[in-house]
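# A structural walkthrough
Here is how the chains run, residue by residue.
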Amino acid sequence: MIPLILLAVLACCVLVQLYYAFFYFLPLSRYKDPEPDTRRPVSVIVAAHNELDNLIELLPMLLDQQYPEFEIVLVNDRSDDDTEFYVYELERQFPNFRVVTIKKTPEYLNPKKYALALGIRAARYEHMLFTDADCRPCSPLWIEKMQSGYAAGVDLVIGYSPYTKWKGFLNHLIRYETLVTAIQYLSHANKGYAYMGVGRNLSYTKSCFFRNKGFASHIKTTGGDDDLFVRDAVNNSKASIVISKEGQTVSIPKKTFREWLVQKRRHMAAGRQYNAADKGRIGAFISSNILFYLLVIILLVLNSHLTILAALIALRYLVVFPVYLKVAQRLDEKVSLPLLPLLDIAYFFSYLLLGVSVVMNKQIRWK
């Protein structure tokens, strides 16, 4: 009797995943970025703390963007390396490059959010585009492609930012986790349920920022300058997505499991503050996947109804994985086919372990 109940629950998990695959994810694989209706002036804002090596690579790429009117606002956040001297020279050479310097963050305020807020206040233009110091635009058309999302009254544009491909299983896992996370938030935004973006590639207007009182609702929270801001903004702002390769930024991944786990814990801690409806939609997908694998393990141990079990596993893999791969192809993201089942298992079990870790709630601070 118990194995049959477990099989029934497993079948429900598969049905939930099929629903997400067809209703949310498959339409994303056919999505086309909006055509630009006009070229608006843009302020590109980067907050950096002791990121000289990254800035030496990033800033020339930003200055070389093929866009008629833009500025770069670099927020030098308490750096004690040689960032100050490097950006001073750039500011002297380029009239569209400006520096905001922070010597000390006010007590009890999140340093990154404070840095971004000062950068936003210093920005000359209404439309702003954000990335991080360890990111690189994938093309000289990055600004133009991201600004194409502002057609039809939009004042919030959510982009995609994958990680650089390196050798090793950890890199495969990081890139797979980034892909599956992006599939979720981009597909939900495409359906009108935007709940997050990534600060590595995000754009919104000054009006949107001040109308939603900036980061006020989560100013003391570690993280959330991107996803929690989107959570607040979509209540009275229209969001769109841009997913073409030319509109992406690529980021440098963590090199150790420890560094990656710390990063993901920070992201998941911010997720606890999502709206109930968003938690429900995300939670149903994540829970159905985690429960799927747990039930598969239990039924294999019980050695019961293996034919039906195999059929459910095959159904899930033969439908869901091809949809993932179609979206990955649309995002120009490469996934290792031989590693795909293992990456999927590792992703959802690491999500479970990280969730338990977040509940234990150790304090994390941005640099």
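Throughout this document, residue positions are counted from 1 along each chain, in the order its sequence is written. Only residues with pLDDT of 70 or above have their local features reported here, since the model is predicted, and side-chain atom pairs are shown and tallied only from 80 upward, although totals for entire chains, interfaces and linings are computed over all residues. Side-chain metrics in this entry use all non-hydrogen atoms of the structure; hydrogen atoms and water are not considered.

The name an unreviewed UniProt entry assigns to the protein is Glycosyltransferase, from the organism Pontibacter aquaedesilientis. UniProt positions are given in the numbering used here, feature names are shortened, and annotations may be inferred rather than shown by experiment. The protein has a UniProt comment under Sequence similarities (unreviewed entry) that states "Belongs to the glycosyltransferase 2 family."

A word on the overall build of the protein. Scanning the protein from terminus to terminus reveals 12 helices and 9 strands. Atoms counted for the radius of gyration: C-alpha only. Globule rule: 2.2 Å times residue count to the power 0.38. In terms of overall size, the protein behaves like a compact globule, its C-alpha atoms giving a radius of gyration of 21 Å where 367 residues would be expected to give roughly 21 Å. Seen through its principal axes, the protein has C-alpha atoms that stretch 75 × 45 × 40 Å. Out of the 367 residues in the protein, the part that is buried amounts to 56%. Counted over contacts in the protein with a minimum sequence separation of 6, partners at least 24 positions apart contribute 84%. None of His or the chain ends enter the tally, which takes Lys and Arg as positive and Asp and Glu as negative. Charge placement uses NZ in Lys and CZ in Arg. For Asp and Glu, CG and CD serve respectively. Looking at the protein, you have 43 positive and 33 negative side-chain charges, and the mean spots of the two groups are 7 Å apart. Starting at the N terminus, helices and strands are each numbered in turn, a helix being any DSSP run of H or I of at least four residues and a strand any DSSP run of E of at least two. Exposure categories follow from relative accessible area, calculated using a 1.4 Å probe and restricted to protein chains: below 20% of the type maximum is buried, above 50% is exposed, and the middle band is partly exposed. Should any heavy atoms of two residues lie within 4.5 Å, those residues are considered in contact.

On to the sheet that holds strand S2 (residues 70-77). Pairing is mixed in the open sheet, where 7 strands are placed in the order S3-S2-S1-S4-S7-S6-S8. Two strands lie at the open edges of the sheet, namely strand S3 (97-102) and strand S8 (239-241), each paired on one side alone. Here the average twist between neighbouring strands, direction ignored, is 20°. As paired elements, strand S6 (residues 156-158) and S8 share 3 bridges and run parallel to each other. Within the sheet, the bridge partner assigned to Leu 156 lies in S8 and is Ala 239. Each axis is a line fitted through C-alpha atoms, taken for helices only over the stretch in contact, and angles between the N-to-C directions span 0 to 180 degrees. Its contacts with the sheet place helix H2 (residues 52-63) against strand S1 (42-48), S2, S3 and strand S4 (127-132), and it is angled at close to 160° to S2. One bridge is not enough; two strands pair if DSSP finds at least two bridges between them.

The geometry of helix H10 (residues 276-302) relative to helix H11 (residues 306-330) is characterised by a closest axis approach of 11 Å and an angle of 150° between their N-to-C directions. Of the two possible hands of crossing, H10 and H11 adopt the one that is left-handed. Taken together, the residues of H11 that come into contact with H10 (itself represented by Phe 285, Asn 289, Phe 292, Tyr 293, Val 296, Leu 299 and Leu 300) are Leu 306, Leu 309, Ile 313, Arg 316, Tyr 317 and Tyr 324. Here the residues of the contact of H10 with H11 sort into 11 nonpolar, 1 polar and 1 charged. Note on convention: near helix rotated counterclockwise from far helix by under a right angle means a left-handed crossing. Clockwise means right-handed. In this classification, Asp, Glu, Lys and Arg are treated as charged, Ala, Val, Leu, Ile, Met, Phe, Trp, Tyr, Cys and Pro as nonpolar, and every other residue, Gly included, as polar.

In this section: unusual backbone geometry. The phi dihedral of Arg 78 falls on the positive side, at around 60°, and the residue is not glycine. Along the chain, Arg 78 turns up in the loop between S2 and helix H3 (83-93). Using a relative accessible area of 21% as the deciding quantity, one classes Arg 78 as partly exposed. In this structure, Asn 303 is a non-glycine residue whose phi angle is positive, near 55°.

Before going further, it helps to examine the nonpolar core. Working definition of a nonpolar core: buried Ala, Val, Leu, Ile, Met, Phe, Trp, Tyr and Cys residues. They are joined through side-chain atoms within 4.5 Å. Counting 107 residues, the largest nonpolar core has Leu 10, Phe 97, Ile 158, Tyr 185, Leu 186, Tyr 204 and Tyr 324 as the members making the most contacts within it. Looking at this core element by element, the count peaks at 12 residues for helix H1 (residues 2-29). Those residues within four positions of Leu 10 in sequence are excluded, and the remaining contacts are Phe 292, Leu 295, Val 296, Leu 299, Leu 309 and Leu 312.

Okay, the packing of helix H6 (residues 169-190) against H10 next. In a packed pair of helices, the relevant descriptors are the angle between the two axes and the axis-to-axis distance. For the pair H6 and H10, the least separation of the axes is 12 Å and the interaxial angle reads 145°. Our pair here, H6 against H10, has a crossing hand that is right-handed. Of the residues in H10, those touching H6 at Val 180, Gln 184 and His 188 are Arg 281, Ile 282, Phe 285 and Ile 286. Of the residues assigned to the contact of H6 with H10, the class counts are 4 nonpolar, 2 polar and 1 charged.

If you trace the backbone, Gly 168 turns up in the loop between S6 and H6. Its relative accessible area of 38% is what places Gly 168 among the partly exposed residues. Placed 87 residues apart in sequence, Gly 168 and Lys 255 show a C-alpha to C-alpha distance of 9.6 Å.

We now examine the UniProt feature "transmembrane region" (unreviewed entry) in the protein. As annotated by UniProt and renumbered to match this structure, "transmembrane region" (unreviewed entry) occupies residues 6-26, 282-302, 308-327 and 339-360. Within residues 308-327, the helical portion is 100% and the strand portion 0%, while the C-alpha atoms at the span's ends are 29 Å from each other.

All right, on to the pairing of S3 then. Burial analysis of S3 places 5 of its 6 residues in the buried class, which makes it a mostly covered element. Summarising the sheet, S2 and S3 pair through 6 bridges and their orientation is parallel. Counterpart to Asp 77 in the pairing with S3 is Ile 102. Orient the strands so they point away from the viewer; a crossover is then right-handed if the path from the first strand over the helix to the second runs clockwise. Chirality of the crossover, the property in question, places the unit of S2, H3 and S3 among those that are right-handed.

Patches here are clusters of residues that have more than 30% relative accessible area and form no salt bridge, with a 9 Å joining cutoff for like charges and a 5 Å cutoff for nonpolar side chains (Val, Leu, Ile, Met, Phe, Trp, Tyr). Under the convention used here, a 1.4 Å probe and the Shrake-Rupley method define accessible areas, while residue burial counts only the protein chains that appear. Every case where a carboxyl oxygen of Asp or Glu lies within 4 Å of a side-chain nitrogen of Lys or Arg is listed as a salt bridge. Residues Met 1, Ile 5, Val 9, Leu 291, Leu 294, Leu 352 and Val 356 make up a contiguous nonpolar surface patch of about 590 Å² in total accessible area. Counting only elements with at least two residues in the nonpolar patch, the list comes to H1, H10 and helix H12 (340-360). Along the chain, Leu 352 falls in helix H12.

Looking now at the pattern of salt bridges. For the coordinates displayed, the defined rule picks out 15 salt bridges. Here Glu 57 ties to Arg 136 by a salt bridge, and the two come within 3.2 Å at their closest N and O atoms. Here Arg 136 lies in strand S5 (residues 135-137) and Glu 57 lies in helix H2, a separation of 79 residues in the sequence. Looking at Glu 57, the relative accessible area reads 48%, which means it is partly exposed. Under the relative-accessibility criterion, Arg 136 is labelled buried at 9%.

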